[in-house]
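Coordinate analysis (summary)
Residues per chain are reported as follows:
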Amino acid sequence: LLFLALGFWQVERLRWKENLITAIQKKTAQPALSLEDFGDLRYVASDEDFTPVQVRAKFLHEHTIYLAAKYFRGQSGYHVITPAIPKGYNQAILIN
């Protein structure tokens with residue numbers, strides 16, 4: 001019974017993952033929105049994940065950080081995160 005339950009759980013998880021991938025593909029295929037469409041940066045919610053956004057900004061390269069990511073064949077990858085100040089705003093956003 002335990003293995004049967006785990007099998008059903010895996011199938012349900014597969015369906016969830018396929019639906020998630022489909023939703024991400026649909027969002028990323030949309031035309032990019034302008035950052036101004038969001039208004040105040042504090043209100044960009046997590047439901048906007050994977051929404052393409054076009055930003056004109058001044059990058060602050062002197063504050064770039066490198067975060068180690070996954071290893072592949074013995075080599076580490078990195079997330080390169082650079083703060084940027086969007087045109088018309090006085091607060092920075094992080095660009096990965």
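Up top is the structure.
Residues numbered from 1 in each chain as written. Predicted model: local features only at pLDDT ≥ 70, side-chain atom pairs only at ≥ 80, totals over all residues. Heavy atoms only, no water.

1. Side note on the overall build of the protein chain
Heads up, the condition is: A run of H or I in DSSP becomes a helix once it reaches four residues, and a run of E becomes a strand once it reaches two; helices and strands are each numbered from the N terminus. Exposure is judged per residue with a 1.4 Å probe applied to protein chains only, and the accessible area is read against the type maximum: over 50% gives exposed, under 20% gives buried, and values in between give partly exposed. Any two residues whose heavy atoms approach within 4.5 Å are treated as being in contact.
Assigned secondary structure in the protein chain consists of one helix and six strands. For the protein chain, the sequential pattern of α-helices and β-strands runs α-β-β-β-β-β-β. Per-residue burial over the protein chain gives 14% buried out of 96 residues. Considering only contacts within the protein chain whose residues lie at least 6 apart along the sequence, 29% involve residues at least 24 apart.

2. What to know about the layout of surface pockets
Selection rule: Only protein atoms enter the 1 Å grid used here, on which a cavity is any set of points holding a 1.4 Å probe that cannot leave and a pocket is any open set flanked by protein within 12 Å on both sides along at least five of seven lines; residues with an atom within 4 Å of a point are listed as lining. Grid points are joined across faces, edges and corners, and a volume is the space filled by probe spheres set on the points. Note that Gly is not counted as nonpolar here; it falls among the polar residues with everything else outside the nonpolar set of Ala, Val, Leu, Ile, Met, Phe, Trp, Tyr, Cys and Pro and the charged set of Asp, Glu, Lys and Arg.
Counted as a void, the largest pocket has a volume near 190 Å³. Along its surface, the largest pocket is lined by Leu35, Thr51, Val53, Val55, Ile93, Leu94, Ile95 and Asn96. Top element by residues in the lining of the largest pocket is strand β6 (residues 93-95). It accounts for three residues. Its residues assigned to classes, the lining of the largest pocket shows six nonpolar, two polar and no charged.

3. With respect to the pairing of strand β4 (residues 65-72)
What counts, and what does not: Only strands that DSSP links by at least two bridges are regarded as paired with each other.
Burial runs low along β4: only zero of the eight residues are buried. Remark: two residues form the turn of the hairpin made by β4 and strand β5 (residues 75-86), two consecutive strands paired antiparallel; Arg73 in that turn has positive phi of roughly 50°.

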